Amino acid sequence: MMLHAMSGLWRGCLVLLVALAIWQAVVSLTGVPRFILPGPTLVAQALWDNAALIWENALWSAGNLSLGLAVGIFLGVETALLLALSRRARWLLRPMLVVAQAVPVFALAPVITLWLGYGMPSKIVTIALVTYFPIASALFDRLMALPPGLADLSRLSGAGRWRETLLLRLPYAVPGLLSGLRLAVVYGPLAVLIGEWVGSSQGLGHLMLMANGRGQTALMFAALIVLACLSLCLWVTVEVLSRWSSKRLSYA
Amino acid sequence: MAGSLKAGDTLLIDSLDLTLPAGRWSALLGPSGVGKTSLLRLIAGLPCAAHLKGRLKAGDGAPIAPRVAMMAQDDQLLPWACALDNVTICARLRGEPAQTERAAALLARVGLGGLERRKPANLSAGQRQRVALARTLYEDRAVVLLDEPFSALDAMTRHTVQDLAAGLLAGRTVVLITHDPAEAIRLADVAWILTRAGIAPCILPPTMPPRAPEAAATISAQAALLKRMRLLAAQGAG
C-alpha cells in the first residue's frame, strides 16, 4: 500500500538506494580489488576529490552534445519538411533515408575524426549524424500519415501543399518529432562518448579513457555517473516537452 | 449523372441515372458496401477506389468540385485547434484571412455560443458535429455533401442536429447519404434506394421536410420504405 502511494521519483530513489547498498555489500563481502570494482563510497570520494576536473570535462562534453543535437534536430526537421513538401525530393532522398537507417553511423566516428581532427567539429558532426536520421525519419513518417478525413478536408478547401503541410501535417506530426527526439537523446550521449574515445583531448569520454589507463577505476565510474546524469537531464527535457505538447495539442 | 459505378472490375451499381435537383435535399439510401460513399467522393472530386463509367455533370455545365463542401460521419476536426479555428481552417488552408466574427456568429447559430475556445476533446459528439456544420456553413458552398453525418450520434442529439442542419442548409443542393430510412424520410425532398441493379426512387410524404417524426404520414412512409428496401435486398440476394 505504502509503495503504491509513493510518487515515481521517490520510488526511483528507493530502488537506487537499494542498488547502491547491494553494490557496496558485494564489494565489502567479496573483497574485490578497488581497481576492478570500487564501491559506491570510493566513487563518491573520487567524484568529490576530482570535482573541478570532472566539471570542466563535463562542460566540454555537454557543450558538444547540445551543439551536435541542435544541428541534428535542425537538419532532421528541415529534411522531413522538405521531403513532405516536394515529391521530387521524396523520389530522390527517400531511399537514402531508409538505407541510412541500416548503416551503423557510430562506425563512422573514426573516419570523421580522421577527417575533422580531434577537436570540437568532429564531435559535433558525429552527434549530428547519429541524431539526424531518427528525427528526420520519425517526423517524415508522421508528416506523410495525415488521416484521410483531414486529407479530404484539405483537398476540398483547395489548399496548396505548403499550407497543408504547415497547418495540418506539421501539428499532426509533433508526436513523430517527439519520438525522434526520444531516440536522439539516447543516441546523442553515446555519440559523445564514442567520439571522445576515438580521439579527443577533453571531455568525459576522454577522462574515462585516461582514468582507465591509470587504474583510477573510481574516477572512471564517477565520469560515467556524470554522463548518465547528463543523459537523464536530456530525457527529462524531452519528457516535459512531450507532456506539454500533448496537453497543448490535445492528442488522445 | 449517368453511367455505372465500378470498383476495379467489380460492378457496384449497374445502371445509374440520377438527376439531383438543385437547391433541394436528395437522399441516397442503401446498404453498406453498395458504393454510396464512392458516389459522393466522385461528386466531390476526391480520390476514390471506384470509378464512374459514364458522365457526371452539373446542370450549368460548370465544374462541381470547387463548389462542394462536405460533412462526414467522423467530424474531421483538428484536435489541436479550438472550435473557432476549426471553423476557419478551410479559409486558412487557402491562405485567406480568417473571418473570426463570421465564424463566431456561425458557432452561435449552431448553438455553440461561448464555446469558441473549446477544443474538440472538450466537446460532446453532438457539439463536435455542430462545429463541423458551422465549418461547412463557413465555406458557403452551393453543394453540400453529407456522408452519414448524424449516424454516430445518439437518438436525441441526432434529432436536434438534423433539425439544425435542415434549417441552416435550406436552399443549397444537399446530397445526403444514409442507411437509415427514417433519416431519409425526415430530411429529403427526393430520395433513391441504391442497389447493385440500379437505383429506385422512393415515395416520400407530400409535406415539406424536415418532417415531424411522430406524424402518421412520416411513420407510414417509413414503414413502406423499409418494406421496399427489404424486398430489393431479397431480390438482390436471389
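Note that this is a predicted model, so its numbers are computed, not measured.

(A) Molecular detail of the overall build of chain B. A tally of regular secondary structure across chain B gives seven helices and nine strands. Computed over its C-alpha atoms, the radius of gyration of chain B comes to 18 Å, within 12% of the 18 Å expected for a compact globule of 238 residues. Taken over the C-alpha atoms alone, chain B extends approximately 55 × 40 × 30 Å along its principal axes. Here chain B holds 238 residues, and 50% of them are scored as buried. Sequence separation of 24 or more characterises 70% of the internal contacts of chain B that already satisfy a separation of 6 or more.

(B) The pairing of strand β8 (residues 190-194) of chain B, seen in detail. Residues and elements named next belong to chain B. Judged by how many residues are buried, β8 sits mostly within the fold: four of five residues are covered. Bridging between β8 and strand β9 (residues 199-201) involves three bridges; their strand directions are antiparallel. Bridge pairing links Leu-194 to Ile-199 in β9. The antiparallel pairing of β8 with β9 creates a hairpin that spans four residues between the two strands, and Gly-198 there sits at a positive phi of about 160°.

(C) Fine view of the packing of helix α4 (residues 51-85) of chain A against helix α11 (residues 217-248) of chain A. Residue and element names in this part refer to chain A. Relative orientation of the contacting elements α4 and α11 amounts to 35°, with a least axis distance of 11 Å. For the crossing formed where α4 meets α11, the hand is right-handed. Between α4 and α11, the residues in contact are Leu-53, Ile-54, Ala-58, Ala-62, Leu-65 and Leu-69 and Leu-219, Ala-222, Val-226, Leu-230 and Leu-234, respectively. Tallied by class, the residues present in the contact of α4 with α11 amount to eleven nonpolar, no polar and no charged.

(D) Focus on the confidence of the model for chain A. Summing up the model confidence of chain A, the mean pLDDT is 90 and the portion of residues at 70 or higher is 97%. Averaged pLDDT values for the elements of chain A fall to 57 in helix α1 (residues 2-5) of chain A and rise to 95 in α4 of chain A.

(E) Focus on the confidence of the model for chain B. Mean pLDDT for chain B: 84, with 92% of residues reaching 70 or above. No element of chain B has a lower mean pLDDT than strand β1 (residues 2-7) of chain B, at 47, and none a higher one than helix α2 (residues 83-93) of chain B, at 95.

(F) Structural detail: helix α1 (residues 36-44) of chain B. Residues and elements named next belong to chain B. Most of α1 sits inside the fold, with seven of its nine residues counted as buried. Burial in α1 covers these residues: Lys-36, Ser-38, Leu-39, Leu-40, Arg-41, Ile-43 and Ala-44. Gly-45 lies just past α1 and shows a positive phi near 75°.

(G) A look at the UniProt feature "transmembrane region" (unreviewed entry) in chain A. All names here are of chain A. Mapped onto this structure's residue numbering, the UniProt feature "transmembrane region" (unreviewed entry) falls at residues 65-85, 97-118, 124-145, 166-198 and 218-238. Secondary structure over residues 124-145 splits into 91% helix and 0% strand, and the C-alpha atoms at its two ends are 31 Å apart. The distance from the first to the last C-alpha atom of residues 218-238 is 31 Å, and the span holds 100% helix and 0% strand.

(H) How the structure looks around helix α8 (residues 148-157) of chain A. Where burial is concerned, most of α8 of chain A is hidden: seven out of the ten residues are buried. Three or more residues of α8 of chain A are buried, namely Gly-149, Leu-150, Asp-152, Leu-153, Ser-154, Leu-156 and Ser-157 of chain A.

(I) Looking closely at the interface of chain A and chain B. Each side of the interface is counted separately: chain A has 22 residues, and chain B has 22 residues. When chain A packs against chain B, the two sides together hide about 1,800 Å² of surface, and 65% of this comes from carbon and sulfur. Per-residue buried area on chain A facing chain B is highest for Leu-153, Leu-156 and Ser-157 of chain A; these three make up 32% of the total on that side. At the junction of chain A and chain B, the tally comes to one salt bridge. At the level of elements, α8, α9 (161-198) and α11 of chain A are the ones that each hand at least two residues to the side of chain A that touches chain B. No other element matches α8 of chain A, which puts eight residues into the side of chain A that touches chain B. Of the residues that constitute the side of chain A that touches chain B, the class distribution is ten nonpolar, six polar and six charged.

(J) Expanded view of the pairing of strand β7 (residues 173-178) of chain B. Residues and elements named next belong to chain B. Summarising burial for β7: six of the six residues are buried, a large majority. In β7, alternate side chains face the same way, and those of Thr-173, Val-175 and Ile-177 on one face and Val-174, Leu-176 and Thr-178 on the other are all buried. The sheet contact formed by strand β3 (residues 25-29) and β7 spans five bridges and is parallel. Considered in β7, the bridge of Trp-25 is made with Val-174. Relative to β7, strand β6 (residues 143-147) is paired through five bridges, and the arrangement is parallel. Bridging across to β7, Val-143 finds its partner in Thr-173. A crossover links β6 with its parallel partner β7, the connecting element being helix α5 (residues 155-168), and its sense is right-handed.

(K) Expanded view of the packing of aromatic side chains. The tally for this structure, following the rule as stated, stands at three aromatic pairs over all chains. Geometrically, the ring pair formed by Trp-23 of chain A and Phe-221 of chain A is tilted, given 5.7 Å between the ring centres and 40° between the ring planes. One end of the pair, Trp-23 of chain A, is in helix α2 (residues 8-30); the other, Phe-221 of chain A, is in helix α11, with 198 residues separating them in the sequence. Taken together, a centroid distance of 4.8 Å and an interplanar angle of 80° make the contact between Tyr-132 of chain A and Phe-133 of chain A edge-to-face. The pair Tyr-132 of chain A / Phe-133 of chain A is uniform in exposure class, with both members buried. One residue, Arg-142 of chain A, lies across the ring of Tyr-172 of chain A, its end atom 4.0 Å from the ring centre. For Arg-102 of chain B, the ring lying beneath its charged end belongs to Tyr-138 of chain B, and the centroid distance is 4.2 Å.

(L) Region of the structure containing the state of the cysteines. With the rule as written, the count across this model stands at zero disulfides over all chains. Residue Cys-229 of chain A stays outside any disulfide, its sulfur separated by 6.9 Å from that of Cys-233 of chain A, the closest cysteine. Look at Cys-229 of chain A and you get partly exposed, because its relative accessible area is 44%. Cys-82 of chain B takes part in no disulfide bond, and the closest cysteine sulfur to it belongs to Cys-90 of chain B, at a distance of 14 Å.

Rules of the game
In this convention, every chain numbers its residues from 1, walking through the sequence in written order. Chains and ligands are labelled sequentially in the order written, the chains with letters from A and the ligands with numbers from 1. Local features in this predicted model are restricted to residues of pLDDT 70 or higher, and side-chain atom pairs are both shown and tallied only at a pLDDT of 80 or more, whereas totals for entire chains, interfaces and linings draw on every residue. Computation of side-chain values covers all heavy atoms of the structure but excludes hydrogens and water. Comment: elements are numbered from the N terminus, with helices defined as DSSP H or I runs of at least four residues and strands as E runs of at least two. The quantity called the radius of gyration is restricted to C-alpha atoms. Its globule counterpart is 2.2 Å times the number of residues to the power 0.38. Classification of residues uses two cut-offs on accessible area relative to the type maximum, computed with a 1.4 Å probe and protein chains only: under 20% is buried, over 50% is exposed, and between them is partly exposed. Contacts: residue pairs with any heavy atoms within 4.5 Å of one another. For two strands to count as paired, DSSP must find a minimum of two bridges between them. Working convention: axes come from line fits to C-alpha atoms, limited for helices to the stretch in contact. Angles between N-to-C directions cover 0 to 180 degrees. Crossing handedness is read from the near helix: turned anticlockwise from the far helix by less than a right angle, it gives a left-handed crossing, and turned clockwise, a right-handed one. For this classification, the nonpolar set comprises Ala, Val, Leu, Ile, Met, Phe, Trp, Tyr, Cys and Pro, the charged set comprises Asp, Glu, Lys and Arg, and every other residue, Gly included, is treated as polar. As a per-residue measure, pLDDT tells how confident the predictor is, with possible values from 0 to 100. UniProt positions are given in the numbering used here, feature names are shortened, and annotations may be inferred rather than shown by experiment. Throughout, buried area stands for the accessible area (probe radius 1.4 Å) lost by two parts on being put together, summed over both. The working definition used for a salt bridge is a side-chain nitrogen of Lys or Arg within 4 Å of a carboxyl oxygen of Asp or Glu. Here, the term right-handed applies to a crossover whose path from the first strand over the helix to the second runs clockwise when the strands point away from the viewer. Pairing of aromatic rings covers Phe, Tyr and Trp, the last counted by its six-membered ring, and requires centre-to-centre distances within 6.5 Å; plane angles under 30 degrees mean stacked, over 60 mean edge-to-face, and any other angle means tilted. Placement of a charge over a ring requires the Lys NZ or Arg CZ to be within 6 Å of the ring centre, with the centre-to-atom vector within 35 degrees of the ring normal. For this text, the term disulfide refers to a pair of cysteine sulfurs within 2.5 Å.

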